[in-house]
Amino acid sequence: MDIKNQDLLTDTPLIALDMEIMERNIQWLANLSKEAGVKLRPHTKTHKSPFIAKLQIEAGASGITTAKLGEAEVMANAGIDDILIAFPIIGKNKLKRFNDLLQKANLTVALDDWTVAKGINAVGENIKKKIPVYIDVDTGLGRMGRSAKESVASILEIAKLPFISIKGLMSHSGHAYAENNDEGVKRVAIEDATILYETKMDLEQKGIYIDELSIGASATARMLKEIPFITEARPGMYVFNDRYVMGAGGAKENDCAVSVIATVVSHPSDDRLLIDAGSKTLSSDLYKGGGHGLIKGHENLVIDRLSEEHGIIKVQGGKTSLRVGDLVEIIPNHICPVINLTDEIYGFRNGNLERTISIEGRGKNR
């Protein structure tokens, strides 16, 4: 990224956003989802910014997704009123906050357990209104949700709760990131959607009708027109992209909108450099091919390990021209925790600083 404001570059690590790439990514998926006839409900856990969420809605998103109730509070307080909270809400304090937030926004909640549904039902009873929920189904990731067969039995019990409205089934095909070609990603995407659809059909035979089949993962987003049955998509990382999305074939280097700019602070040996970006900047996520981020323009450099404040770079196959005081530009492995680790990101257009974007949803893990 060609950054013309040299003063900023003397104060690293810096999280730099190319506004044009981000806007292109937002518009690309808005157009693709429209062509596919699929509603787009982006996951804001990637950017955690009401400013960026509003850009996605202006481009055509039907609403947003948040990971936690705290993120939903941030978005609702900014005036966004159609929010899916894609995480179970349980406990007295959280249910009180959820009850209060219903006064500001239209909320849907994801869950996979009757006990969680019972608490949501109590909120609905309190406000005399049915609460829409999505039920998580495990389609292969092995995280939230029961298997399709077990989900049907659980949903039949949840459906008996009088203030619950089962609006949709949802999944997350995060296991697609393990694939390294279009064929593998497409196979995972179709299997994911097919399991949701077969669960929907099984439920309809038992008198439970499902409106929405909602899928997640930026790895499969480019396949929207080829994925059957679905009504909604909830990708998050596509807005910025990262090395994980690149590894699954969902982006190229010039589709990655965010870079970490770091400074070489030590060069103690020919085969080792240190930069001022460690695990508190880059996160500890490892790439499947090795390293803690992709250093642009330096194929022989690998961010081999991290301490909290140091990135230790291994120089492979010869020497490097980098010296103490030089800058490196890094594409993060996993963009979501990188954004969550900073208070603000700097948005550049044509190399000029356009705006500083506050990460208002950072740290909202409750």
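These lines cover the structure that appears in this document, whether it is placed above or below. Throughout, a residue's number is its position along its own chain's written sequence, starting from 1. Only residues with pLDDT of at least 70 are given local features in this predicted model, and only at 80 or more are side-chain atom pairs given and counted; all residues enter the totals for whole chains, interfaces and linings. Side-chain descriptors were evaluated using all non-hydrogen atoms of the structure, hydrogens and water having been removed beforehand.

## Section: the overall build of the chain
Numbering of helices and strands starts at the N terminus; helices are DSSP runs of H or I of at least 4 residues and strands are runs of E of at least 2. Across its full length, the chain holds 10 helices and 17 strands. For the radius of gyration, the atoms used are the C-alpha atoms, and the globule rule reads 2.2 Å times the number of residues raised to 0.38. The globule rule puts the C-alpha radius of gyration for 366 residues at 21 Å, and the 22 Å found for the chain is close to it. Taken along its principal axes, the extent of the C-alpha atoms in the chain is 70 × 40 × 35 Å. Here the chain holds 366 residues, and the buried ones make up 52% of them. Restricting the contact set of the chain to residue pairs at least 6 apart, pairs at least 24 apart contribute 67%. Here the accessible surface of atoms and residues is derived via Shrake-Rupley with a 1.4 Å probe, and residues count as covered only by protein chains that are part of the display. As presented, the chain carries roughly 15900 Å² of accessible surface, and 47% of it is formed by carbon and sulfur atoms. Note on charges: Lys and Arg go in the positive column, Asp and Glu in the negative column, and His and the chain ends are not counted at all. Taken as the charge location is NZ of Lys, CZ of Arg, CG of Asp or CD of Glu. Each charge sign in the chain was given a centre, from 45 positive and 49 negative side chains, and these centres are 5 Å apart. Buried, partly exposed and exposed residues are distinguished by accessible area as a fraction of the type maximum, computed with a 1.4 Å probe on protein chains only: under 20%, between the cut-offs, and over 50%, respectively. Note on contacts: a residue pair is in contact if any heavy atoms of the two residues lie within 4.5 Å.

## Digging into the environment of R355
Along the chain, R355 falls in strand 17 (residues 352-358). Between the C-alpha atom of R355 and that of I345, which follows or precedes it by 10 residues, the distance is 8.7 Å.

## Section: the side chain of T12
Looking at the secondary structure, you find T12 in the segment before strand 1 (14-18). For the purposes of these results, a polar contact is taken to be a pair of N or O atoms within 3.5 Å, where, inside protein, one atom must be able to donate a hydrogen and its partner to accept one; residues adjacent in sequence count only when each atom of the pair is a side-chain atom. Of note is the side chain of T12, whose polar atom sits 2.6 Å from the side chain of T263. A polar contact of 2.5 Å, which involves the side chain of T12, links it to the side chain of D276.

## Description of the pairing of strand 5 (residues 106-111)
Burial of strand 5 is extensive: five of the six residues sit out of reach of the surface. Sheet analysis places strand 4 (residues 82-85) next to strand 5, joined by four bridges and oriented parallel. Counterpart to D82 in the pairing with strand 5 is N106. By the criterion used throughout, a crossover qualifies as right-handed when its path from the first strand across the helix to the second strand runs clockwise, the strands pointing away from the viewer. Once you follow strand 4 into helix 4 (residues 92-101) and on to strand 5, the crossover reads as right-handed. Here the rule is simple: two strands pair whenever DSSP picks up at least two bridges between them.

## Describing the packing of aromatic side chains
Any pair of aromatic rings gets described here by the distance separating the centres and the angle formed by the planes. Each pair of aromatic rings taken from Phe, Tyr and Trp, with Trp reduced to its six-membered ring, is defined by centres within 6.5 Å and is described as stacked if the planes are under 30 degrees apart, edge-to-face if over 60, and tilted in the remaining cases. Under the defined criterion, the tally for this structure stands at two aromatic pairs. With 3.9 Å between their ring centres and 5° between their planes, Y197 and F229 make a pair best called stacked. Here F229 lies in the loop between strand 8 (212-215) and strand 9 (232-233) and Y197 lies in helix 7 (residues 182-205), a separation of 32 residues in the sequence. Classification of Y197 as partly exposed rests on a relative accessible area of 27%. Residue classification places F229 among the partly exposed positions, given a relative accessible area of 38%. Geometrically, the ring pair formed by Y244 and Y287 is stacked, given 6.5 Å between the ring centres and 20° between the ring planes. Of this pair, Y244 sits in helix 8 (residues 243-247) while Y287 sits in the loop between helix 9 (279-282) and strand 12 (294-295), and the two are 43 residues apart along the sequence. Positioned over the ring face of F87 is K68, at 4.7 Å from the centre of the ring. Either the NZ atom of lysine or the CZ atom of arginine qualifies as a charge over a ring when it sits within 6 Å of the ring centre and within 35 degrees of the ring normal.

## What about the state of the cysteines?
Joining two cysteines, a disulfide is a covalent bond between their sulfur atoms. Note on terminology: pairs of cysteine sulfur atoms within 2.5 Å are recorded as disulfides. Tallied over the full model, the rule gives zero disulfides. For the unlinked cysteine C256, the closest cysteine sulfur is that of C336, found at 13 Å. Using a relative accessible area of 5% as the deciding quantity, one classes C256 as buried.

## Notes on the layout of surface pockets
Method remark: on a 1 Å grid restricted to protein atoms, a set of points is classed as a cavity if a 1.4 Å probe fits but cannot get out and as a pocket if it is open with protein on both sides within 12 Å along at least five of seven lines; lining residues have an atom within 4 Å of a point. Grid points are joined across faces, edges and corners, and a volume is the space filled by probe spheres set on the points. Taken as a whole, the largest pocket spans an internal volume of roughly 840 Å³. Lining the largest pocket are 38 residues, and of these H43, K45, A67, R143 and H172 sit closest to its centre. At three residues, the largest contribution of residues to the lining of the largest pocket is made by helix 10 (residues 335-340). When the residues that make up the lining of the largest pocket are grouped by side-chain class, the tally is 14 nonpolar, 15 polar and nine charged. What the second largest pocket holds in volume is close to 220 Å³. For the lining of the second largest pocket, the secondary-structure elements that each account for two or more residues are strand 1, helix 9 and strand 16 (344-349). Amino acid classes used here: Ala, Val, Leu, Ile, Met, Phe, Trp, Tyr, Cys and Pro are nonpolar; Asp, Glu, Lys and Arg are charged; the rest, including Gly, are polar. For the lining of the second largest pocket, a count of residues per class yields seven nonpolar, two polar and four charged.

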